[in-house]
Amino acid sequence: MKQSKYACFAVALSGVAAASAIAQDTRPVTSFEPSELQAEAMANPGVAFESGEKIYKTICAACHMPDGEGAVGGGTYPALSGNEKLEYPDYAIFIITNGYKAMPSFGHLLDDDQVAALVNYLQSGLGENTYEPTADAETVALVRPLEEKNEGEE
Ligand code: HEC
């Protein structure tokens, strides 16, 4: 599973940090306060990124902002909150799995269920969006770039 790499990475990283902190720190042990995401990843390695909201907050919010308001700075990051193109799922699925101009492709990072969960979150949940969440894994599989679908079949 692709997402487990990330969860394991987070767990390994915090493990190393904790171990070296214990080895070097002679002060009394104080509590380590993981962020919500870190806590989730540590408690459930491999399932931490199954919710669309978590995927969004982890990999999309950096450019599109936590509430999908978008940003203009080093580039122009379109607002996803209040974005009419999200009324139907196919457009977002296409962009996420194929990339588009300055938007990188995340097709290799996310499996069909994850893309569907993510797009459902974009449709209903992110910012002011209240569209009906209509993305499903079957649609994602259809929209994925051809070379990805053919991977491993030759
Ligand atoms: C590195 C910055 C970056 C990240 C990370 C990123 N995007 Fe984008 N995204 C962009 C840019 C830039 C565009 C505009 C592309 C263009 O039109 O040139 C865009 C466009 C889009 C669009 C089309 C919006 C429209 O109005 O046409 C959607 C939908 C979208 N991104 C969703 C996502 C999702 C979901 C994620 C997380 C998986 C994500 N993006 C992660 C930079 C990013």
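Residues numbered from 1 in each chain as written. Predicted model: local features only at pLDDT ≥ 70, side-chain atom pairs only at ≥ 80, totals over all residues.

Novice: Is there a simple way to think about the nonpolar core in this case?
Specialist: Soluble globular proteins tend to pack their nonpolar side chains together in the buried interior. The biggest cluster of nonpolar side chains holds 20 residues, and the ones touching the most others in it are Ile93, Val115, Leu118, Val119 and Leu122. Elements represented by at least two residues in this core include exactly α3 (52-64), α4 (89-98), α5 (112-123) and α6 (137-143). Tallying contributions element by element places α5 first for this core, with seven residues. When residues no more than four places from it in sequence are discounted, the contact partners of Val119 are Pro89, Ala92, Ile93 and Ala135. (Core = buried A, V, L, I, M, F, W, Y, C linked by C-beta atoms within 7 Å. Buried ≥ 20, exposed ≤ 12 C-beta atoms within 10 Å, placed from the backbone. Helix = DSSP H or I, 4+ residues; strand = E, 2+ residues; numbered from the N terminus. Contact = placed C-beta atoms within 7 Å.)

Novice: Help me out: how do you make sense of the site of the ligand in this one?
Specialist: Lining the immediate surroundings of the ligand are 22 residues, of which Cys60, Cys63, Lys101, Ala102 and Met103 lie closest. Here the shell around the ligand gets five residues from one element, more than from any other, and that element is α3. Class assignment of the residues belonging to the shell around the ligand gives a composition of 17 nonpolar, three polar and two charged. (Near = placed C-beta within 6 Å. Nonpolar A, V, L, I, M, F, W, Y, C, P; charged D, E, K, R; others polar.)

Novice: How do you make sense of the environment of Asn120 when you look at a structure like this?
Specialist: In this structure, Asn120 sits in helix α5. On a C-alpha basis, the gap between Asn120 and Leu86 in space is 9.4 Å, while along the polypeptide they are 34 residues apart. Apart from residues lying up to four places away in sequence, Asn120 is in contact with Gly52, Pro133 and Ala135.

Function-wise, these values are silent; they only describe arrangement.
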